[in-house]
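Listed here are the chains, written in short residue letters.
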Amino acid sequence: MSSKHKILIPLPSEDFDPSEAAIPWKVLKENDFEVVFATPDGKPAKADFRMLTGKGLGIWKLILIAHKNARAAYQEMSKDSNFLNPISYKDLKPENFSGVILPGGHAPGMKEYLESKILQNFVGAFFATGKPLGAICHGVVLAARSKLPGTDQSILFGKKTTALLKSQEMAAWNLTRLWLGDYYRTYSQSVEDEVKANLKDPKDFHFGPKPIFRDNHKKIKRGHSLTDGNYVSSRWPGDAHSFVNSFMKLF
C-alpha cells in the first residue's frame, strides 16, 4: 500500500474500553494502516482502569477484566506517538481520514464522547462520504446519535446493525451493582433499546450467536460482526478481532 489508509479512532478523555480500541489499533497497524486518535481536548486518553486492572470487579474479575492480549495491546498502544498526540474533536475533518472506528466502554467517562455534538456532527458528515465506519459496543450509540447532514435522521436509519445486547449489559450490571452501582449502566435506557429506537425497523437489529467466548486472532469465528454497505458493527470486546477484520475488508 503506497499511500497508507489513515484510520481515526476517537476516544473520550477516560473510561473507554481498552480491548475495543487497542485490538483494532494493533491489527490495523500490523496490516499497514496508519491509525490516529482524537480526544475532546487533544490530550492523551486513558482507558477504563477497572478493565485493565480488575480493581473493584470482585469475584467476577476473571470474567469481566479485559483479556491479557488486549491489556498487552493497550500497553503497546499507550506508547504510540499518535496515541500520545491526539487531535482535538473540533479539528476533525471527514476528508482527512479513509475510515473511522468508534470503540465503546460503559463507565461514566464515556458520556463526554457519546454526548459530544461536535463528534456526532463529524460522524454524520463522515458517514455521508460513504467511507468505511466501524462501531462496536457503546460506539454504536454514538453512531445512532449521529445524523446525516441537514437531516434529523440517524445515520443508522435503514441500516442493519448490532450493538451491546441488553442481556449482556444487564448481566454485568446485576453481577456488580451491589458494590459498583451503575458502573455497567451508562444510561437508564439500554444500548440495545436506544439503538433500536433509531432504526427504520427494530428487526434491523441483529443479535448474532450467543456471546460466550471472546474471539482472538486464531479463533475469529467466535466473534460476531455485521457489515451493511460501508458500515460494520459488533457487540462487545469479545468480538474485537472479528470486528476489525470485517472493517479491513471494506478497503
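An unreviewed UniProt entry annotates the protein chain as Glutamine amidotransferase of Leptospira tipperaryensis.

A. Fine view of the environment of Ser233. One can find Ser233 in strand 9 (residues 231–234). Among residues more than four places away in sequence, those in contact with Ser233 are Ala135, Val140, Thr161, Thr162, His224, Ser225, Leu226 and Phe243. Among the polar contacts listed, one links the side chain of Ser233 to the backbone nitrogen of Thr162, at a separation of 2.9 Å.

B. Examining unusual backbone geometry more closely. Unlike most non-glycine residues, Asp32 shows phi in positive territory, near 70°. For Asp32, the position within the fold is in the loop between helix 1 (18–30) and strand 3 (34–39). Take Asp32: its relative accessible area is 31%, and that puts it in the partly exposed class. A positive phi angle, near 60°, is found at Cys137, a position not held by glycine. Examined against the element boundaries, Cys137 turns out to sit in the loop between strand 7 (133–136) and helix 8 (139–145). Classification of Cys137 as buried rests on a relative accessible area of 5%.

C. Main features of the environment of Thr162. Inspection of the secondary structure assignment puts Thr162 in the loop between helix 8 and helix 9 (166–180). On the basis of relative accessible area, Thr162 is assigned to the buried category, the value being 0%. Beyond its immediate sequence surroundings of up to four residues, Thr162 is in contact with Val140, Phe205, His206, Phe207, His224, Leu226, Tyr231, Ser233, Ser234 and Arg235. In this structure the side chain of Thr162 is engaged in a polar contact, spanning 2.7 Å, whose partner is the backbone oxygen of His206.

D. Representation of helix 4 (residues 68–77) within the structure. Within helix 4, the full set of buried residues consists of Ala70, Ala73, Tyr74 and Met77. The arc enclosing the buried residues of helix 4, seen along the axis, measures out at 105°, which places them on a common side. Buried residues along helix 4 sit against strand 2 (14–16), helix 1, strand 3, strand 4 (46–47), helix 2 (49–53) and helix 5 (81–84).

E. Expanded view of the packing of aromatic side chains. Taken as a whole and judged by the stated rule, the model has 10 aromatic pairs. Note on Phe37 and Phe83: the rings are 5.2 Å apart at their centroids and 85° apart in plane angle, and the pair reads as edge-to-face. In this pair, Phe37 sits in strand 3 while Phe83 sits in helix 5, placing the two residues 46 residues apart along the sequence. The class of Phe83 is buried, set by a relative accessible area of 3%.

F. Summary view of the environment of Tyr184. Note that Tyr184 resides in the loop between helix 9 and helix 10 (191–197). The class for Tyr184 is buried, based on a relative accessible area of 7%. For the pair Tyr184 and Gln168, spaced 16 residues apart in sequence, the C-alpha separation works out to 10.0 Å. Filtering out sequence-adjacent residues up to four positions away, Tyr184 remains in contact with Met51, Leu57, Leu64, His106, Glu169, Ala172, Trp173 and Thr176.

Calculation notes
Residues numbered from 1 in each chain as written. Predicted model: local features only at pLDDT ≥ 70, side-chain atom pairs only at ≥ 80, totals over all residues. Heavy atoms only, no water. Helix = DSSP H or I, 4+ residues; strand = E, 2+ residues; numbered from the N terminus. Contact = heavy atoms within 4.5 Å. Polar contact = N/O pair within 3.5 Å; in protein donor to acceptor, adjacent residues only side chain to side chain. Buried < 20%, exposed > 50% of the residue type's maximum accessible area, 1.4 Å probe, protein only. Arc of directions from axis to C-beta. Phe/Tyr/Trp six-rings, centres within 6.5 Å; stacked < 30°, edge-to-face > 60°.

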